[in-house]
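Spelled out, the chains give:
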Amino acid sequence: MNDTFVFDYSGAAPLIKPGAEDLEPEISRIHHALHNGRGPGSDFTGWLDWPETYDRDEFARIKETAKRIRDNCDAFVVVGIGGSYLGARAVIEMLKPSFYNQLPAEVRQGPEIYFVGHQLSGEYLTGLLAILKGKDVCINVVSKSGTTTESAIAFRFMRRYLEDRYGEKEAAKRIVVTTDEKKGALKQLADEKKYECFVIPDDIGGRYSVLTPVGLFPVAVAGIDIDQLMAGAAEARQAYMDERLQENPCYQYAAVRYLLYRKGKKIELLVNTLPQMHYFAEWWKQLFGESEGKNNRGIFPASVSYTTDLHSLGQYIQEGERHLFETVIQVEQPGTDLTIFKDNQNLDGLNYLVGRTMNEVNQKAVEGTLIAHAGGGVPHLGVRLPALTPYHVGWMLYFFKKACAVSGYLSGANPFDQPGVEAYKKNMFALLGKPGYEAEKEKLKNQIVK
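Residues numbered from 1 in each chain as written. Predicted model: local features only at pLDDT ≥ 70, side-chain atom pairs only at ≥ 80, totals over all residues. Heavy atoms only, no water.

Participant: Summarise the pairing of strand S8 (residues 300–305); cite the residues concerned and give the values.
Facilitator: In this sheet, S8 lies alongside strand S7 (residues 267–272) in parallel orientation, the contact comprising six bridges. Across the sheet, residue Leu 270 finds its bridge partner in S8, namely Ser 303. For the crossover from S7 across helix H13 (residues 278–292) to S8, the handedness is right-handed. (Pairing = 2+ DSSP bridges. Helix = DSSP H or I, 4+ residues; strand = E, 2+ residues; numbered from the N terminus. Right-handed = clockwise from strand over helix to strand, strands pointing away.)

Rendered as structure tokens:
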């Protein structure tokens with residue numbers, strides 16, 4: 001086992017059996033069902049071997065197109081929602097400087113990167129268009145069908161913006177589409193307009209698609225080494241092939257969180273200790289929320305940032321209802337750091353920290369917090385990686401994806417569908433008067449919440 005990525009569940013030891021031995025046979029059964037395509041949703045398990053089986057020719061084309069955009073555009077806009085943008089945004093924000101878009105072009109050495117189509121705000125879109133004024137712009141629209149409401153509306157506006165500004169022919173050179181290989185509204189438009197296209201694999205669902213062109217293309221445009229990202233995922237795939245629970249930390253994570261759920265721990269707080277990991281938590285919440293939240297069951301995925309949220313949610317975590325546990329991601333070495341210096345007046349009383357780095361202080365703050373929370377009855381799990389590099393991030397993405405699949409099966413859910421997501425869409429379409437939804441609109445007349 002490669003020791004660059006560590007999972008530790010000792011912080012939950014008082015509530016579970018060491019190694020969770022009683023789940024060994026079930027975990028082994030799930031392992032074989034997952035890898036032999038016998039479990040629910042098995043048509044969507046292409047991500048399992050993707051780090052080895054991905055299309056090398058398309059991968060090369062992703063890098064070539066990304067370089068062209070990096071060399072010729074000032075701003076790059078990703079249009080998508082859910083799994084169509086969260087993975088890419090998570091990786092970019094983890095691996096690029098916190099204020100990347102504000103850096104001078106000669107420092108960035110690539111375009112500013114923006115995201116749209118992940119909500120229904122006219123104010124947000126208006127603001128984005130104002131930011132883009134005077135900049136050379138390229139966009140990537142990501143959608144399997146091309147009809148997802150939020151991203152389809154945003155793309156309609158972005159396409160008109162580009163065509164009005166550059167003309168239809170030039171705009172077509174600035175639009176890259178990631179969609180279904182053969183069908184759908186977006187594929188039809190791309191063929192008509194001759195947009196550059198990348199493929200969303202049929203056997204990989206949106207929340208598992210970060211290592212496909214869905215995520216890889218925006219990440220490559222950001223100048224991140226996608227070869228290393230895939231190398232980390234490939235190493236993780238190999239590392240987590242062992243069906244034995246005692247030898248597979250990925251399966252241990254799935255098993256321990258299941259045991260905690262049985263003990264009444266219904267909420268999992270993913271704890272970030274670095275601000276650039278905020279969107280990783282958003283990606284993780286979709287991954288587990290859509291995979292497990294079914295049949296009126298499932299752990300509720302939430303997230304907090306330490307130490308920021310200790311000044312708002314810390315009180316509740318310490319002394320509120322005992323229905324939660326924490327999974328803490330710690331990065332041993334930050335990309336950059338600052339050393340605390342001496343102040344002769346010392347009015348803030350911080351001179352006792354002289355010579356220590358901010359990262360050291362942060363780590364001790366988190367360590368002290370976890371000790372306090374454990375004393376208050378909040379178990380914690382630990383995930384540790386040496387640094388935020390493309391390799392380690394690729395490893396971590398694979399770890400959580402596979403753990404989520406196993407965890408879903410363990411809880412009796414199909415981790416690859418999301419039937420509940422359709423309920424709000426049907427109501428929205430009816431209320432907006434979409435053709436074909438007249439009957440649903442009649443049914444909603446007495447149910448509308450004012």
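From this point, things continue past the structure.
Participant: Outline the environment of Gly 46, supporting the account with residue identities and numerical values.
Facilitator: For Gly 46, the position within the fold is in the loop between helix H1 (24–35) and helix H2 (50–53). Sequence separation between Gly 46 and Arg 68 is 22 residues; the distance between their C-alpha atoms is 29 Å.

Participant: I'd like a rundown of the sheet that holds strand S3 (residues 112–116), residues and numbers included.
Facilitator: If you trace the five strands from one edge of the open sheet to the other, you get S3-S2-S4-S5-S6, paired in parallel fashion. Taken across any chain shown, the strands that pair with only one partner, and hence form the sheet edges, are S3 and strand S6 (196–199). Within the sheet, the average angular offset between the axes of one strand and its neighbour, ignoring direction, is 20°. Of the strand pairs in this sheet, strand S2 (residues 75–79) and strand S4 (residues 137–142) are connected by five bridges, and their pairing is parallel. Residue pairing for S4: Val 77 is matched across the bridge by Ile 139. Packing of helix H7 (residues 149–166) onto the sheet brings it into contact with S2, S3, S4 and strand S5 (175–179), and relative to S4 it is tilted by some 155°. (Axes fitted to C-alpha atoms, helices over the stretch in contact; angles between N-to-C directions. Contact = heavy atoms within 4.5 Å.)

Participant: Outline the packing of aromatic side chains, listing residues and values.
Facilitator: Scanning the entire structure with this criterion turns up 25 aromatic pairs. Taking the centre distance of 4.9 Å and the plane angle of 50° together, the rings of Tyr 54 and Phe 59 count as tilted. The exposure classification of Tyr 54 matches that of Phe 59, with both residues buried. If you follow Arg 159 out to its NZ or CZ, it ends over the ring of Phe 155, 5.9 Å from the centre. (Phe/Tyr/Trp six-rings, centres within 6.5 Å; stacked < 30°, edge-to-face > 60°. Buried < 20%, exposed > 50% of the residue type's maximum accessible area, 1.4 Å probe, protein only. Lys NZ or Arg CZ within 6 Å of the ring centre and 35° of its normal.)

Coordinates in, geometry out; function isn't part of it.
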